[in-house]
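Survey of secondary and tertiary structure
Now for the letters of each chain:
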Amino acid sequence: MFPSAEAQQWFEACRDKGYTAPEWPSEYGGAGLSSAQAKVLQQEMAKMGCRPPLYCQGLWMLGPALLVYGNEEQKREHLTAICRGEIRWAQGYSEPSAGSDLANLKTKAEDCGDHFLVNGTKIWTTKADEADWIFCLVRTSDSTPKQAGISFLLIDMATEGVSTSPIPLISGESEFCQTFFDNVKVPKANLVGELNGGWAVAKELLKHERKMMAAFDGMLEKPAMELLELAHYAVGIDDSGVLADSELRSDMARHLMREKAMGQLGERIYWQGKAKQVDPRLPLLMKHLGTSEAQSKDELILRALGDEGLSMDDPAISEGLRKMVKQWAFNKALTIAGGTSEVQLNIIAKRALGMPSVERKS
Ligand SMILES: Cc1cc2nc3c(=O)[nH]c(=O)nc-3n(C[C@H](O)[C@H](O)[C@H](O)COP(=O)(O)OP(=O)(O)OC[C@H]3O[C@@H](n4cnc5c(N)ncnc54)[C@H](O)[C@@H]3O)c2cc1C
């Protein structure tokens with residue numbers, strides 16, 4: 001589970017101080033830090049080149065939504081286990097006919113007195129075959145609009161009737177599953193928020209998922225070399241002391257400026273948040289900008305690497321460089337997971353820029 005003994009030691013030291021979730025209240029396993037203190041902690045950890053102590057969907061997505069919508073019992077049971085890295089969560093949102101159009105979901109939870117009876121299927125459930133629990137959006141009413149008939153349920157993967165089937169990827173690996181629910185009994189106590197009020201919980205959670213996706217690249221293990229260092233190594237510098245490839249040089253300068261601007265946008269949102277005056281349009285931009293810039297950086301890395309960027313498997317190429325090529329391949333998913341870029345652009349057009357929806361002609 002841990003890449004090294006040092007990583008485990010680092011996780012355990014942070015867990016014991018509540019640093020896996022620095023801003024969560026200490027009674028739920030966090031450190032109870034203010035957002036300013038947590039920011040300093042994160043900056044200091046980054047300066048030392050430390051990896052985040054814990055990577056998991058419970059921490060990034062479910063926890064923040066439970067803090068808002070969970071009842072006391074749910075918070076005590078689940079948040080503490082998340083902070084301590086004891087429970088692995090999977091996300092059950094997408095279905096074969098409900099991805100971008102999430103409200104179209106069909107997995108049904110029937111009210112049977114003291115429990116719900118769940119039937120249906122979820123797809124693209126990352127690592128569901130290794131998960132202990134899954135948080136799911138389920139249909140509890142066929143009312144219109146569709147969003148008003150959705151509830152948010154926590155389901156123990158060990159419950160009878162839950163099964164997973166891995167989806168093989170072209171790489172030969174299998175990170176995703178299809179998850180099936182066949183007459184699964186889920187206690188009523190596992191409902192988060194109101195019955196038929198799951199859409200509000202789903203949106204709160206998506207806000208955190210998108211924030212996490214926007215910053216995902218920076219959360220990963222430090223690469224073998226930073227972009228400029230890599231370009232100097234792979235392309236070299238000319239007599240005037242600048243990167244020898246002028247086209248790559250200007251594209252890199254453009255990327256570094258955009259990356260800096262993104263960082264400053266993040267700072268702006270942070271300070272607006274502290275003053276409780278966030279311009280609601282700004283956070284809408286972050287997922288699209290963050291993920292597309294991460295992909296631009298990957299392309300620059302590959303261009304700089306030249307021949308060395310042609311393989312993720314060739315043992316003649318150093319492991320650090322191969323990891324960068326793998327990252328390039330993996331990061332293709334950033335503009336799909338958590339809401340595709342096309343859908344993000346629709347949201348920006350409508351909610352940030354106030355553009356009218358286009359009437360579709362049949
Ligand atoms: C790495 C990764 C991990 C994931 N993990 C999970 C997980 O753990 N749990 C989970 O539930 N889901 C997960 N997903 C699924 C993800 O949420 C969906 O892939 C995503 O929401 C898109 O849905 P879809 O794949 O059904 O594509 P579709 O919605 O079918 O979209 C297909 C194409 O049509 C475009 N499109 C659709 N609607 C519009 C529109 N209105 N305007 C313009 N273009 C449009 C899309 O942009 C896309 O290019 C994961 C996906 C990835 C890539």
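Calculation rules
- Residues numbered from 1 in each chain as written.
- Predicted model: local features only at pLDDT ≥ 70, side-chain atom pairs only at ≥ 80, totals over all residues.
- Heavy atoms only, no water.
- Helix = DSSP H or I, 4+ residues; strand = E, 2+ residues; numbered from the N terminus.
- Rg over C-alpha atoms; globule rule 2.2 N^0.38 Å.
- Areas by Shrake-Rupley, 256 points an atom, 1.4 Å probe, with all protein chains shown as cover.
- Lys, Arg positive; Asp, Glu negative; His and termini not counted.
- Charge placed at Lys NZ, Arg CZ, Asp CG, Glu CD.
- Domains from an automatic or database assignment.
- Contact = heavy atoms within 4.5 Å.
- Buried area = accessible area lost by both parts, 1.4 Å probe.
- Salt bridge = Lys/Arg side-chain N within 4 Å of Asp/Glu carboxyl O.
- Polar contact = N/O pair within 3.5 Å; in protein donor to acceptor, adjacent residues only side chain to side chain.
- Near = heavy atom within 4 Å.
- Nonpolar A, V, L, I, M, F, W, Y, C, P; charged D, E, K, R; others polar.
- Buried < 20%, exposed > 50% of the residue type's maximum accessible area, 1.4 Å probe, protein only.
- Phe/Tyr/Trp six-rings, centres within 6.5 Å; stacked < 30°, edge-to-face > 60°.
- Lys NZ or Arg CZ within 6 Å of the ring centre and 35° of its normal.

Right, let's talk about the overall build of the protein chain for a bit. The secondary structure content of the protein chain amounts to 11 helices and eight strands. For the protein chain, whose C-alpha radius of gyration is 22 Å, the value lies close to the compact-globule estimate of 21 Å for 362 residues. Summing over all exposed atoms, the protein chain offers an accessible surface of approximately 19,900 Å²; the carbon and sulfur share of this is 54%. One finds the centroid of the 41 positive side-chain charges in the protein chain at a distance of 7 Å from the centroid of its 49 negative side-chain charges.

Below, the discussion takes up the domain arrangement of the protein chain. Looking at the protein chain, the domain boundaries give domain 1 (5-84), domain 2 (89-196) and domain 3 (221-353). The straight-line distance from the C-alpha centre of domain 1 to that of domain 2 is 25 Å. In this assembly, 11 residues from domain 1 lie in contact with 13 residues from domain 2. Taken together, both faces of the contact between domain 1 and domain 2 bury some 910 Å²; the carbon and sulfur share is 66%. At the boundary of domain 1 and domain 2, one finds zero salt bridges. Our count for the contact surface shared by domain 1 and domain 2 stands at three residue pairs in polar contact (both at pLDDT 80 or more).

So, on to the site of the ligand. Every one of the 17 residues lining the ligand counts as a neighbour, but S94, S100, W124, T340 and E342 are closest to it. Here the ligand loses 66% of its free accessible area of 970 Å² to cover by the protein chains. Of all the secondary structure elements, the ones that give two or more residues to the shell around the ligand are β3 (115-126) and α11 (341-352). At four residues, β3 tops the list of elements feeding residues into the shell around the ligand. Tallied by class, residues from the shell around the ligand come to seven nonpolar, nine polar and one charged.

What follows concerns the environment of P223. With respect to the helices, strands and loops of the structure, P223 is situated in the loop between α6 (216-219) and α7 (227-235). Assessed through its relative accessible area of 37%, P223 is described here as partly exposed. Note: C-alpha distance between P223 and P22 (201 residues apart in sequence) is 25 Å.

By convention here, two paired aromatic rings are described through the distance between centres and the angle between planes. Counted by the stated rule, this structure contains seven aromatic pairs. Measuring from ring centre to ring centre gives 6.2 Å for Y55 and W60, while their planes differ by 85°; the resulting arrangement is edge-to-face. Aromatic side chains W89 and F135 sit 6.3 Å apart centroid to centroid with 40° between the ring planes, which places their arrangement in the tilted category. Note that W89 is positioned in strand β1 (residues 89-92) and F135 in strand β4 (residues 133-139), a separation of 46 residues in sequence. Taken individually, W89 and F135 each receive the classification buried, so the pair is uniform in this respect. The rings of W89, Y93, W133, F135 and F152 are connected pair by pair, giving a single aromatic cluster. Over the face of the ring belonging to Y270 we find K39, whose NZ or CZ atom lies 4.6 Å from the ring centre.

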